[in-house]
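Chain by chain, the residues run as shown.
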Amino acid sequence: MNPVVGIAAFAAVSVATAVIGFYGLRISRTTGDFYVASRTVRPWWNASAIGGEYLSAASFLGVAGLILLSGTDGLWFPIGYTAGYLMLLLFVAAPLRRSGAYTIPDFTEVRLDSRAVRRVTSLAVVVVGWLYIVPQLHGAALTIRITTGLPSWVGSVAVVIVVCLTVVAGGMRSITFVQAFQYWLKLTALAVPIVFIALVLAGNGTPAMAEANTNPTGLAPTGPYQNISLLVALLFGTLGLPHVLVRFYTNPDGQSARRTTLIVLGLLSVFYLFPTAYGVAGRMFAPDLAQSGRSDALVLLLPGRLIGGPAGDMLSALVVAGAFAAFLSTTSGLVVSLAGVISQDVLGGSVRGFRLAALISATVPLGFAFMTDSLALAGSVGLVFAFTASTICPALLLGIWWRGLTDAGAIAGMVTGGVLCGGALVAGALSGPAASGAAMPQWLAQPAAWTVPAAFAVMILVSRATKDRVPRTLTKVMTRLHTPERPLATER
Amino acid sequence: MTRVRVTAPQSAARPVLESREAAEESDVGQVFVRSLIRTQLRLAVVVAGGFLLILLAFPLMLGLVPGLAESKIAGIPFGWLLLGAGIYPVIGLSAWLYIRTATRNEARYRDLAEDR
């Protein structure tokens, strides 16, 4: 591919991001602006922003790559990513908004009336955020290497620099506009090239679709245990993701939090049709990418392969721009929510503290990204979901729906889930750089199916044993979480 | 009737909410609140369970009915169509049903709580 294409696409996305970010700077002035855009973001903007933030490297590059590798088994990833939002709508969206808290640690502190719970939750949020940023940086490294031939580290460093500049400059208000813009950019970047490809193929007479069922590599298909465990991770992991939940505080009330989630479900459903189409097209026309271990680059390379000449270059530029939009938006969303947590808990909650915290939250994962090898993108993000589902998710679900939860129970459950799932991740990473899951036992490669129930069980048992620690504020908090806000007309 | 000292609300930004909570923390108010929480939880569990059953039924159907996954609609194998596109309308429909019912439950709660 022409290296100019990749560099131009990255530069264009970065400039657009920065311009929207700096434009937002003029509207955000107070600490409240920085954290939650003063809770006045409209559902469509907010939903687009959630979509923009959520569709990461794993969705943009990883899903198509995985479908290329493993066929219909790969389809469980986009299904899980979308259905996770259904769970979030059913169990978390409105109560979380009504809690009035800014961040997940705020929520657990208010609900359980305990500073210790707050600290453990903050720790879990920071670990999840850092783990989640690393695959984004790997994706950026891969994209820069494939499209421009520059060394991999350039991609990761460039993403971190652009994210730091925009977050430090504008905070959440401009982030909302940036993220909303990036959802629509990502959708366009996948949709336009695949429509062109379909038109060209229809003109040439398409080979039979049956070829999509042939397996390009000798890898065995994943078993039912792996698929079920993956679904557990994705369904329960989504409702604990810090950068997704922080978005719900920007809705004016619980009702609009639900409406926003419904729109998000629509946006995600439309989006995931396209990576699926790329995966299917890849199985027919680019099986060599799977054999040479470059399946994650499928989305980037397919338009150039099937459509040559300047038209191919233009379409390639579009997908590269979309890919960088994915890395930038997810990373900046995570950095904002991490910075919110770190600045409130460690630096006193000022705007200056927020900026410093943003720098810390973006640069630490850069170190991790340099130290680790890139796994398959969709797979490594799936493991982050497993960790979230084993730590933050049980505390949120039981906190919202069960009166019996105590601070001791929440801490014990989160620590158990974190240690079990974290242990499985570390053991998996150490058991070989191949890390394809072939050599690893299945229960270690995909731990969610047993770590999530374990975390729930410990949380419930310890809470039962420490009944006297149920907070005295319980009645008040539960009432606030579940009763509808009064409509303005009848306010007393 | 006991006298209480009137102080500033804990958070200046949410005075309305505080007074609303004070009213709803009475014993009768709590009966309504508890029943609302139970209703909403039951609704969420039913919708989630129904969705998961459908989700489970899709691959089972493809596995158990021979030839179904390979049969084609408009040139696309049915298995790909079902898992790649067919699940999303089910997710959207579940979400829409949930929101409609949850909103109705809240409206009913509000009527009860305000009639008091």
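Because the structure is a prediction, the values reported are computed rather than measured.

1. Concerning the overall build of chain B
1) Next: For chain B, the helix and strand inventory stands at three helices and two strands.
2) Next: Ordered by position from the N terminus, the helices and strands of chain B form the series α-α-β-β-α.
3) Next: Counting every position in chain B, which comprises 116 residues, the buried fraction comes to 21%.
4) Next: Considering only contacts in chain B between residues 6 or more positions apart, those separated by 24 or more positions represent 59%.

2. Considering the overall build of chain A
1) Next: Scanning chain A from N- to C-terminus turns up 21 helices and zero strands.
2) Next: Per-residue burial for chain A yields a buried fraction of 60% across its 492 residues.

3. Focus on the interface of chain B and chain A
A common way to state how big an interface is: give the accessible area lost once the parts meet.
1) Next: Each partner contributes to the interface: chain B provides 40 residues, whereas chain A provides 35 residues.
2) Next: Looking at the side of chain B that touches chain A, the elements with two or more residues in it are helix H1 (15–24), helix H2 (27–64), strand S2 (76–77) and helix H3 (78–115) of chain B.
3) Next: Looking at the side of chain B that touches chain A, the element that brings in the most residues is H3(B), giving 19 residues.

4. Quick look at the confidence of the model for chain A
Residue and element names in this part refer to chain A.
1) Next: Residues of chain A with pLDDT of at least 70 account for 86%, and the chain-wide mean is 82.
2) Next: Across chain A, helix H20 (residues 448–465) holds the top mean pLDDT of 92, while helix H2 (residues 31–36) sits lowest at 52.
3) Next: Across residues 488–492 the pLDDT falls below 50, and counting only partners more than four positions away or on other chains, this stretch makes three contacts in the model.

5. Section: H2(B)
1) Next: Between the first and last C-alpha of H2(B) there are 54 Å, a value that for 38 residues agrees with the 56 Å anticipated at 1.5 Å per step.
2) Next: For H2(B), the set of buried residues is B:Gly29, B:Val33, B:Leu36, B:Ile37, B:Gln40, B:Val47, B:Phe51 and B:Leu55.

6. Thoughts on the nonpolar core
It is characteristic of soluble globular proteins that their nonpolar side chains tend to be buried jointly.
All names here are of chain A.
1) Next: The biggest cluster of nonpolar side chains holds 184 residues, and the ones touching the most others in it are Leu86, Val320, Ala321 and Phe324.
2) Next: Among the elements that line this core, the one with the most residues is helix H15 (residues 309–346), at 19 residues.
3) Next: Residues within four places of Phe324 in sequence aside, it is in contact with Ala9, Phe10, Val13 and Thr143.

7. Some points on the environment of A:Thr261
All names here are of chain A.
1) Next: Structurally, Thr261 can be placed in helix H12 (residues 254–285).
2) Next: Assessed through the 28 C-beta atoms surrounding it within 10 Å, Thr261 is described here as buried.
3) Next: With 205 residues separating them in the primary sequence, Thr261 and Thr466 have C-alpha atoms 36 Å apart.
4) Next: The residues touching Thr261, leaving out its near neighbours within four places in the chain, are Tyr85, Leu88, Leu89 and Ala93.

8. Side note on the packing of H15(A) against helix H16 (residues 351–371) of chain A
All names here are of chain A.
1) Next: Axis separation between H15 and H16 bottoms out at 8 Å; the angle between their running directions is 125°. For the element pair H15 / H16, the angle class is oblique. Every pair of crossing elements has a handedness; the one defined by H15 and H16 is right-handed. Contact with H15, carried on its side by Val335, Leu338, Ala339, Ile342 and Ser343, involves Gly353, Phe354, Ala357, Ala358, Ile360, Ser361 and Ala362 of H16 and no other residues of that element.

9. Examining the environment of A:Arg283
1) Next: When you line up the elements, A:Arg283 lands in helix H12.
2) Next: Sequence spacing of A:Arg283 and A:Ala64 is 219 residues, and the spatial spacing of their C-alpha atoms is 9.8 Å.

10. So, the confidence of the model for chain B
Residues and elements named next belong to chain B.
1) Next: Per-residue confidence for chain B gives a mean pLDDT of 78; residues scoring 70 or more make up 77%.
2) Next: Ranking the helices and strands of chain B by mean pLDDT puts H2 first, with 89, and H1 last, with 54.
3) Next: Predicted confidence for residues 4–16 stays below pLDDT 50, and this span has seven contacts to residues more than four positions away or in other chains.
4) Next: Across the predicted assembly, pTM comes out at 0.86 and ipTM at 0.85.

11. A look at the packing of helix H7 (residues 104–112) of chain A against helix H8 (residues 115–148) of chain A
Residues and elements named next belong to chain A.
1) Next: Packing of H7 against H8 brings their axes to within 8 Å, and their N-to-C directions diverge by 155°. It follows from the interaxial angle that H7 and H8 lie roughly antiparallel. Crossing of H7 against H8: the hand is right-handed. Where H7 abuts H8, its residues Ile104, Pro105, Thr108, Glu109 and Leu112 lie against Arg115, Val117, Arg118, Thr121, Ser122 and Val125.

About the criteria used
Residues numbered from 1 in each chain as written. Chains lettered and ligands numbered in written order. Predicted model: local features only at pLDDT ≥ 70, side-chain atom pairs only at ≥ 80, totals over all residues. Helix = DSSP H or I, 4+ residues; strand = E, 2+ residues; numbered from the N terminus. Buried ≥ 20, exposed ≤ 12 C-beta atoms within 10 Å, placed from the backbone. Contact = placed C-beta atoms within 7 Å. pLDDT = per-residue confidence, 0-100. Expected span 1.5 Å × (residues − 1). Core = buried A, V, L, I, M, F, W, Y, C linked by C-beta atoms within 7 Å. Axes fitted to C-alpha atoms, helices over the stretch in contact; angles between N-to-C directions. Parallel < 35°, antiparallel > 145°, perpendicular 65-115°, else oblique. Left-handed = near helix turned anticlockwise from the far one by under 90°.

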